[in-house]
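# Structure at a glance
Residue strings, one per chain:
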Amino acid sequence: MTEDNLHSIEEELNGAQIVLKALQEQSVQVLFGYPGGAVLPIYDQIFKQNYVKHILVRHEQGAVHAAEGYARSTGKVGVVLVTSGPGATNAVTGLTDALMDSVPLVCLTGQVPTHLIGNDAFQEADTVGITRPCTKHNYLVKDVNDLSRVLHEAFYVARSGRPGPVVVDLPKDVVMDKGAYTTAPRGINRQRHKTYNPVTIPDRKKIDVAVDLFLEAKKPLFYTGGGVINSGPKASKTLTKLVDETGFPITSTLMGLGSYPSSSENWLGMVGMHGTYEANMAMHDCDLMINIGARFDDRVTGNLKLFSPNSKKIHIDIDASSINKNVIVDLPILGDASVALDDILDSWFKKSKLKNRSNLDSWWKKISKWKSKDCLKFSQVDQVIKPQFAIKRLYELTKDMETFITTEVGQHQMWAAQFYRFDKPNRWMTSGGLGTMGYGLPAALGVQLGNPGGLVIDIAGEASILMNIQELSTIVQYRLPVKLFIVNNQYMGMVRQWQELLHGGRYSESYTDSLPDFVKLAEAYGMKGMRVEKAENVDEAIVEMISTKGPVILDVVVDQKENCFPMIPSGAGHNQMLLGPEDKSQQPVSEEGMVLV
Amino acid sequence: MSSNLYEGSIPPAIFHDNQVFSHTISVIVDNEAGVLARVVGLFSGRGYNIESLTVSEIDKNSQLSRINLVTSGTTQILEQIKAQLGRLVPVHNVIDLTSKGPSVSRELALVRVDVKDDLIDELFKISRIFTCKIVGLDKNSYVFEIIGKTARIDAFIELVSQIGSCEISRTGIVAISISRDS
Ligand SMILES: Cc1ncc(C[n+]2csc(CCOP(=O)(O)OP(=O)(O)O)c2C)c(N)n1
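The numbering scheme is per chain: residues are counted from 1 as the chain's sequence reads. Throughout, the order in which chains and ligands are written sets their labels, letters from A for the former and numbers from 1 for the latter. Where totals are concerned, whole chains, interfaces and linings use all residues; where local detail is concerned, this predicted model gives features only for residues with pLDDT of at least 70, and gives and counts side-chain atom pairs only at 80 or more. Hydrogen atoms and water are omitted, and side-chain values are computed over all heavy atoms in the structure.

### Regarding the domain arrangement of chain B
Residue and element names in this part refer to chain B. In this entry, domain limits derive from an automatic or database-based domain assignment. Split into domains, chain B comes out as domain 1 (16-96) and domain 2 (103-177). One C-alpha centre belongs to domain 1, the other to domain 2; they are set 28 Å apart. Whether two residues are in contact is decided by their heavy atoms, any of which lying within 4.5 Å being enough. Taken together, the contacts link 8 residues of domain 1 with 6 residues of domain 2. Summed over both partners, the accessible surface that disappears when two parts come together, traced with a 1.4 Å probe, is what is meant by buried area. Counting the surface lost from both domain 1 and domain 2, the interface buries some 470 Å², and carbon and sulfur atoms represent 54% of this. A per-residue breakdown of the area domain 1 buries against domain 2 is headed by Thr54, Arg66 and Asn68, which together make up 56% of the total.

### Topic: the site of the ligand
Residues and elements named next belong to chain A. A molecule or strand has a residue near it when one of that residue's heavy atoms lies within 4 Å. Taken together, 17 residues lie near the ligand, and Gln411, His412, Gly435, Ser464 and Gly493 sit nearest. The separation between an oxygen atom of the ligand and a polar main-chain atom of Gln411 is 2.8 Å. As used in this structure description, the phrase polar contact means that two N or O atoms lie within 3.5 Å; if the pair is within protein, one of them must be able to donate a hydrogen and the other to accept it, and residues adjacent in sequence are counted only when both atoms belong to side chains. Ala463 is positioned such that a nitrogen or oxygen atom in its backbone is 3.2 Å from an oxygen atom of the ligand. Bound to the protein, the ligand loses 76% of the 590 Å² it would expose on its own. We count a stretch as a helix when DSSP gives it H or I for four or more residues in a row; a strand needs E for two or more, and each element gets its number in order from the N terminus. Looking at the shell around the ligand, the elements that each hand over two or more residues are α16 (411-419), α18 (462-465) and α20 (493-502). Residue classes in the shell around the ligand are distributed as 8 nonpolar, 8 polar and 1 charged. All accessible-area figures derive from a Shrake-Rupley calculation using a 1.4 Å probe, and residue coverage is judged against the displayed protein chains alone. Residue classes follow a fixed rule: Ala, Val, Leu, Ile, Met, Phe, Trp, Tyr, Cys and Pro count as nonpolar, while Asp, Glu, Lys and Arg count as charged, and any other residue, Gly among them, counts as polar.

### Considerations on unusual backbone geometry
Residue and element names in this part refer to chain A. Cis geometry marks the peptide bond from Phe565 to Pro566; its omega dihedral reads -5°. As for its placement among the helices and strands, Pro566 is situated in the loop between β20 (552-557) and α23 (591-595). Of note in the backbone geometry, Ser308 takes a positive phi value of approximately 30° without being a glycine. With a phi close to 55°, Ser514 is a non-glycine residue in the positive phi region.

### Description of helix α4 (residues 120-129) of chain B
Residues and elements named next belong to chain B. Between buried and exposed lies partly exposed: a residue is buried under 20% and exposed over 50% of the maximum accessible area for its type, with that area taken using a 1.4 Å probe on protein chains only. Looking only at α4, the buried set comprises Ile120, Leu123, Ile126 and Ser127. Buried residues of α4, seen end-on, are gathered within an arc of 125° and therefore sit on one face of the element. Turned more than 90 degrees away from the buried face of α4, the exposed residues are Asp121, Arg128 and Ile129. Against β5 (103-114), β7 (141-148) and α5 (150-160) lie the buried residues of α4. Note that the arc is computed from the directions linking the helix axis to the C-beta atoms.

### Quick look at the interface of chain B and chain A
Chain B puts 24 residues into the contact, and the matching count from chain A is 29 residues. Interface area for chain B against chain A, summed over the two sides, is near 2300 Å², with a carbon-plus-sulfur share of 55%. A pair is scored as a salt bridge if a Lys or Arg side-chain nitrogen falls within 4 Å of a carboxyl oxygen belonging to Asp or Glu. For the salt bridge of B:Asp30 with A:Lys194, the shortest nitrogen-to-oxygen distance reads 3.1 Å. The set of elements that each furnish at least two residues to the side of chain B that touches chain A consists of α1 (12-16), α2 (35-46), α3 (75-86) and β4 (91-96) of chain B. In terms of residue class, the side of chain B that touches chain A is built from 10 nonpolar, 9 polar and 5 charged.

Printed below as a string of structure tokens:
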């Protein structure tokens, strides 16, 4: 069968109609966008239909982050529509963010008519050129008869294999021309694309070898990442079962939080630069590391020369280019996490009956010794609110609700990862790979649209939230009851912390003067604003925030100089963590470490 | 310890080796707009070397192009390059001709040598040894066409550039494996 007769040709429509029809066929219910000259025909078509709900953001970066939040909390493809030129360039940060964090998106960009491309026409930008390195794939559609095929393919590419953002650039004449609509190939994910067919089924022999290693290991450790979450809720369920069956300890990356319930015994907390002591020490000391859907990112590994020197490493990933990229592994397994986990569990059941497994008692003893350091301890003594305390209380007061957390980037993000605990996947949306300040607010609105009944909270820093503060207007317009929990230290805290630790306490440009009054700001946008300044009032403020029906900004005024610990200083290994401020003088950061970001 | 741990994959010891190798890689791609930019952008964006690059359509009907490139790096880098190329959407196939067994590679160069009268005999002697054709001539300048492996062309250029000043135009490598299965 050829590619062509998989599609069935239907009727003649204009390009804009084709776009909307394709979106409907792809079950797109929400579209985040911002209009402009090049996309007016598409907006006209949006006006004439009721299936796809268009959310008018206030900046195209906001549209992309909102679509990311929507995608990550629902598992669906997020969809964006922006105009040519500045519309497209404004979307670039969001696209890069989605690429780094493997978020499935389709972003439609307007373009000047084909006959003007290359002429420096009004609002022309080389969108496919600009977005080539920050998308998984992109297309320029030059013929309306290719349009529906390309759109269906864009969705297929965005969600298949390692997910990512796809741009479809649409010249204005193409969306006005008439052409044929073809339906999506049937069994959308099952069909063979002519070139792009990621391997999903792992090599069973390798799975069996992996399970042999499981049985032999005396100090095993699961190290899981966002790949488990991207693989779907079933993967998280199977992972949980596998951890329970094997009794192995487990840690996750920032992106992987929630794929295994943090309330379980085997959970060691997050790994990496601001991960827990026990997780990092276990990474360093383990004899078998089982990486599922994580990518040995530098925030996780620390100094590669010192990284887990005595372990055999298994790496399961759907993206071949993630394997052996940063860390050389002993057993690479290419495939989808969910399928691989099923196979491993199956093999484990068979093999563990026949063969004795190693005793893990002394490993667990070691781990509980590390745990007893209580690396996340902090002291809330007087009335000055410690940021950790604020987030911990937020967790305690909302943990039994259907809570979704987004964050901005900085100290508050790391404290959120440490103190807010997740028992389910798709509940934690943060910008991990790119570290984009301004992500959390628009992401939260996207999450809320995907989960109308959920309690959606952006744990924010006061500097970050200003980067996309205009989206408050979107939140109010669509009556989204998003809660913005600003951990306000008046500093770009993470920058200030690095300046304290690495640059002699010279706080160059990391203090924000003339911050807005966030309470009045909230009110100006037509939402509720609150402020809390004393530790004793934190609980009642949180309760008031969550019991308010509409959107709220809660400005939590916290200790300005608190640092985020534990911390692996740049250039150090996992076993060289700083546990608190009293630790820092002992280990000056090496010159090699200073260069690192 | 399990014996077949590394079956079908490159053992870590080889990845840990820091020796740099030069590999010839062919990439079969859909001949669509921007595909070359994608491949080249991948190399520049990730800091890989391209020592030689040739591109041409090889199948009009199915609109396939073949990109031949010579790159160098450690085994880890070379494997990374192939994996990165392999996940580009319009890529059909990535063939590492250097590691896949016998292959042939050829390059064509046009070399114009501007030479003084007393050195003409010497120039012709060298061109005969290298069996290259004269494909153009003007007063005291000769354009030679030479086809062969890169090293042979390098050697020819090295010799004639000692005789007169040269202008050089080279195609870069085209390569193909000898047997159908490799
Ligand atoms: C767009 C962008 N610009 C700059 C940075 C660098 N950066 C990382 S954290 C940070 C400070 C964030 O401050 P704030 O939002 O107040 O959070 P805090 O660290 O105080 O919790 C900065 C400037 C970034 N991550 N993203």
